[in-house]
Structures are given as structure tokens and as C-alpha cells.
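# Fold and contact review
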Amino acid sequence: MTYLWEVLRSTKINYLLAGKKATDKDKDKRFSHRVDYLLNRLKDGDSPTRVAAVSALARIREPKAIAPLIRLTRDRLRDVRIASVSALGIIGGTEAEEVIISSLNDKSWEVRQYTAQSLALIGSKRSVAPLLEALKDTSQKVRFDAADALGAIGGRDESSEEIILKSLRTDKRSVSEEIETVFSSMEEEKELMIWLSS
């Protein structure tokens, strides 16, 4: 794993990790072979190495990583699945969104929780219905993050109000408070739309 950390510490990687936009100049052969190295580390037998490579590819928002990350969402280890779902949320894209939505059905509540967070990052209205279903999850943490994601995505769906209200009445306080925040943001959006259309 020594070379992996060397790659993560390199100037080119750190430049991109700082959130600066990659330019054509940055995508020279020296940088390209490091991305290839990180992509190859996704197949490593050592799970911490896979997780570190996933995190690095997410931080530089490497689009070539989407297909291998999709495969890793089915990894046998929970931490690898969590890292992959999180990375796909950061990198984004339609193909990634489909897989992230399907991860709301993962057997691990931790993966489902990170999945809700990733859907909030993507912010697509297509994830509203699956997130509404996630409000019925057996894990309170998943329900909380699903409510938070719905608030981040916004959008008023009249048919969703009954599900949200039921969760508000039956859930523990912290989740109920988050759902109230969702309703509040929906009301603000509705008022803004009325104002804009007048």
C-alpha cells in the first residue's frame, strides 16, 4: 500500500483534491498513470486499500471510476459498499444514480444510510419515491437520512404527504424533527413557486 499513499500525497492528486478543476494540462501521462493505478487498486484483495482507492477517485471525481465503483456496490464487505455508494454520490451521473437507488435495499443499514446521503448529493427528483419508501426503514438512522435527503432535494409531491405525516406521528423525535424540516422546505418552495408565477 506504500505506492498508494505516495499517489495520494502527490502534488497532482493534492491539487485536484483541493477542489480545483482539472485542466488538460493536469491530465498528462504522469497523472494518468496514477489514476490507472488507483483504478487497479479497486481490485486489490486488501479491503482498506480498496476503500482508500475509492475515496481518492471520489475526491478527484474521476468519471472513469463509475463502472468499477458500480461493481463494488455489490462487494461482500460492508465498508467497501459504503465507500462505493458514497463515491458514486460525489461523482454523480445517471448511471451512478440508478445503482445508488438500488442500494437503498442493501442488507446493511449502514449502506442504506450512506445511500440516502448520496442521493441527497445527487439531488435528483427521481430518488424522491425510493426515499419516501426509506422513511419506513427498520433503522432510525436510515429514516433520518432519508428525511434529510428529501429536504435537500425538495419538491412537493402531494401523494408523499401521507407517508411523511405517518412517519412524523410514529417515529422518534429526531426523525420527526427532520421530517418537519422537510415539510418546511416544501412549503417554502411552494410559496416561492406561487410568488414566481404571479
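The structure under discussion appears in the preceding block.
Residues numbered from 1 in each chain as written. Predicted model: local features only at pLDDT ≥ 70, side-chain atom pairs only at ≥ 80, totals over all residues. Heavy atoms only, no water.

With that settled, consider helix α8 (residues 109-122). The end-to-end C-alpha separation of α8 is 20 Å, in line with the 20 Å expected for 14 residues at 1.5 Å each. Three or more residues of α8 are buried, namely Glu110, Val111, Arg112, Gln113, Thr115, Ala116, Ser118 and Leu119. Contacts from the buried residues of α8 go to α6 (78-91), α7 (94-102), α9 (128-134) and α10 (140-153). Looking one or two residues past α8, glycine 123 carries a phi angle of roughly 75°, positive in sign. (Helix = DSSP H or I, 4+ residues; strand = E, 2+ residues; numbered from the N terminus. Expected span 1.5 Å × (residues − 1). Buried < 20%, exposed > 50% of the residue type's maximum accessible area, 1.4 Å probe, protein only. Contact = heavy atoms within 4.5 Å.)

Right, let's talk about the packing of α6 against α7 for a bit. Put simply, α6 and α7 touch, their axes get as near as 9 Å, and they point 145° apart. Like other packed secondary-structure pairs, α6 and α7 cross with a definite hand, here left-handed. Residue-level contacts link Val85, Leu88 and Gly89 of α6 to Ala96, Val99 and Ile100 of α7. (Axes fitted to C-alpha atoms, helices over the stretch in contact; angles between N-to-C directions. Left-handed = near helix turned anticlockwise from the far one by under 90°.)

Turning our attention to α6. Taking 1.5 Å per residue as the helical rise, α6 with its 14 residues ought to reach 20 Å, and the 20 Å between its terminal C-alpha atoms agrees with that figure. Counting buried positions along α6 gives 11 out of 14 residues, so the element sits mostly inside the fold. For α6, the complete set of buried residues consists of Val80, Arg81, Ile82, Ala83, Ser84, Val85, Ser86, Ala87, Leu88, Gly89 and Ile91. Packing partners of the buried residues in α6 comprise α4 (47-59), α5 (66-72), α7 and α8. At the exit of α6 stands glycine 92, carrying a positive phi of roughly 80°.

It is the contact of α4 with α6, at a shortest axis distance of 9 Å, that shows an interaxial angle of 5°. Of the possible angle classes, the one that applies to α4 and α6 is roughly parallel. In this structure, α4 contributes Ser47, Arg50, Val51, Val54, Leu57 and Ala58 to the contact, and α6 contributes Asp79, Val80, Ala83, Ser84, Ala87, Ile90 and Ile91. Considering only residue class, the contact of α4 with α6 consists of nine nonpolar, two polar and two charged. (Parallel < 35°, antiparallel > 145°, perpendicular 65-115°, else oblique. Nonpolar A, V, L, I, M, F, W, Y, C, P; charged D, E, K, R; others polar.)

Shape is all these values report; function is a separate question.
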